[in-house]
Amino acid sequence: LIASLLEQRTGQQIAANRTWRIETALKPILRELQLDTLDQLATRLVTDQTADIAEKVVDALLNQETSFFRDNGVLDMAVSALAAFQAENPHRRLRVWSAGCSTGQEPLSLAILAHEHDIKGGGMLPEIVATDISPAALDRARTGLYSQFEIQRGLPIRRMIEWFDGEGNAWTAKTDLVRRVRFRKHNLVSDPPPPGKFDIVLCRNVLLYFSLALRRQVFETLAAALRPGGLLVLGAGETVIGQTDAFAPSDRY
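Here's what I pulled together on the structure shown here.

Quick notes on the rules
- By convention here, each chain's residues receive numbers from 1 onward along its written sequence.
- In keeping with the predicted nature of the model, local features appear solely for residues at pLDDT of at least 70, side-chain atom pairs appear and are counted solely at 80 or more, and the whole-chain, interface and lining totals rest on all residues.
- Heavy atoms throughout the structure, all of them, feed into the side-chain values; hydrogens and water do not.
- Think of it this way: the bend at a residue is just the angle between two axes, each fitted to seven residues, one set ending at that residue and the other starting at it.
- The helix and strand labels rest on DSSP assignments: H or I over at least four residues marks a helix, E over at least two residues marks a strand, and numbering proceeds from the N terminus.
- The set of buried Ala, Val, Leu, Ile, Met, Phe, Trp, Tyr and Cys residues whose side-chain atoms join them within 4.5 Å is what this entry labels a nonpolar core.
- The classification of residues rests on relative accessible area computed with a 1.4 Å probe and restricted to protein chains. Under 20% of the type maximum is buried, over 50% is exposed, and intermediate values are partly exposed.
- Only heavy atoms enter the contact rule, under which two residues are in contact if any of them lie within 4.5 Å.
- Pairing between two strands requires that DSSP report at least two bridges joining them.
- Axis definition: a line fitted to C-alpha atoms, over the contacting stretch in the case of helices. Angles run 0 to 180 degrees between N-to-C directions.
- Only centres within 6.5 Å qualify two rings of Phe, Tyr or Trp (six-membered ring in Trp) as a pair; their planes then separate them into stacked at under 30 degrees, edge-to-face at over 60, and tilted for everything else.
- Here, over-ring charges are defined by two tests on the NZ atom of lysine or the CZ atom of arginine: distance to the ring centre within 6 Å, and angle to the ring normal within 35 degrees.

Moving on to helix 2 (residues 20–32). When the local axis directions of helix 2 are compared, the greatest deviation, roughly 45°, occurs at Leu26, which is followed within four positions by the proline Pro28. With its phi angle positive at about 60°, Gln34 sits one or two positions after the end of helix 2.

Before going further, it helps to spend a moment on the nonpolar core. With 38 residues, the main nonpolar core has Phe68, Leu110, Ile151, Phe164, Leu177 and Ile200 as its most contacted residues. Setting aside chain neighbours within four positions, we find Ile200 in contact with Ala78, Ala81, Leu82, Phe85, Arg95, Val96, Trp97, Leu226, Leu231 and Val233. Counting residues in hydrophobic clusters, the runner-up holds 21 residues, among them Phe210, Val218, Leu222 and Phe247.

So, on to the sheet that holds strand 8 (residues 226–234). If you trace the five strands from one edge of the open sheet to the other, you get 6-2-1-7-8, paired in parallel fashion. Lying at the two open borders of the sheet, with one neighbouring strand each, are strand 6 (181–185) and strand 8. Each adjacent strand pair in this sheet contributes to an overall mean axis angle of 20°, direction not counted. Strand contacts of helix 7 (residues 135–143): strand 2 (127–132) and strand 6, with the helix running at about 160° to strand 6, the strand carrying the most contacts.

Each pair of aromatic rings is reported with the distance of its centres and the angle of its planes. Enumeration over the complete set of coordinates arrives at five aromatic pairs. Where Phe68 meets Phe164, the ring centres are 5.5 Å apart and the plane angle is 80°; that geometry is what we call edge-to-face. Of this pair, Phe68 sits in the loop between helix 4 (51–61) and helix 5 (72–88) while Phe164 sits in strand 4 (residues 164–167); the two residues are 96 residues apart in sequence, bridging distant segments of the chain. Its relative accessible area of 2% is what places Phe164 among the buried residues. Ring geometry for Trp97 versus Phe198: centroids 5.8 Å apart, planes at 35°, classification tilted. Of this pair, Trp97 sits in strand 1 (residues 95–99) while Phe198 sits in strand 7 (residues 198–203), placing them 101 residues apart in sequence. Above the plane of the ring of Phe198 lies Arg95, whose end atom (NZ or CZ) is 4.1 Å from the centre. Over the ring of Phe69 we find Arg159, and its NZ or CZ is 4.2 Å from the ring centre.

Limitation: the analysis is restricted to geometry and does not speak to function.
Take a look at the structure:
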C-alpha cells in the first residue's frame, strides 16, 4: 500500500531489492505518529484521510541523493554547450531546466559555473529553472541552507568561501547565488513542462525509478520543453535507446 501510494503520487517505483528503504525512510514518521510498525502506518493511511500524513510519507520516500558539482565533467560539458549556444545567438538569453533538482545543489552548481565562464546571452545570466515534486526539498533549496557534510561534498574551499556564509556547522548560500535560480514545484508525470523553451534540460537519475511506459511519457514532456537543437542531459545509468524516438545522440558533445 505504501509503495503504491508513492507510485500513484509521483510515478516512482520502489524495486523489490530496495524495499528496505521504506522502513528506513519512514522511521521518523513512525516516531512522530507514535506508531510501532509499518502495518500500523498503512492502517492509518487507509483510515485517516488527512492529506498531510500521505504527503509526509511520499516526501520521505523520495530519493533526495544529490551533491554539489555531482559528475563534474557532465556539468562542465553543459556549460560548454551554453557557451556555444551563446556564440551562435549572442543576443538571446539562455535557459536551463534542472528537473528533479532535490535540495538545489545541481542548479546552484550550474549558476556558479555560468558565472565563472561569463555566460551572458543577451547580456543576461542564464535563466535557470529548477523543479522538484518535493515541497520539503524545495523549501530547503530556496533557503540555500546546507550542513557541513553537504557543503563539503563537491565544493572546493575557494567556492565555499566565495558563494556561502558559514556559521557553526551550517552554511548558507549567498543571496546573489540563490536569486539566480527559480525554484518551483513540478510533477514530471502529470504536469506540463515549465513555460517557454530551454536550451538544456538536465534530468539526471530521476527516470531510473519510473516504469517504461512512464519514462516514454516523460521523454515526450522533456522533448517538448527543448528548443530545436537543445540538449537533454541524463544520468550515467539512463538512456533514450529503445524508449523514445524524440532524441538523437549529440554530434557535438
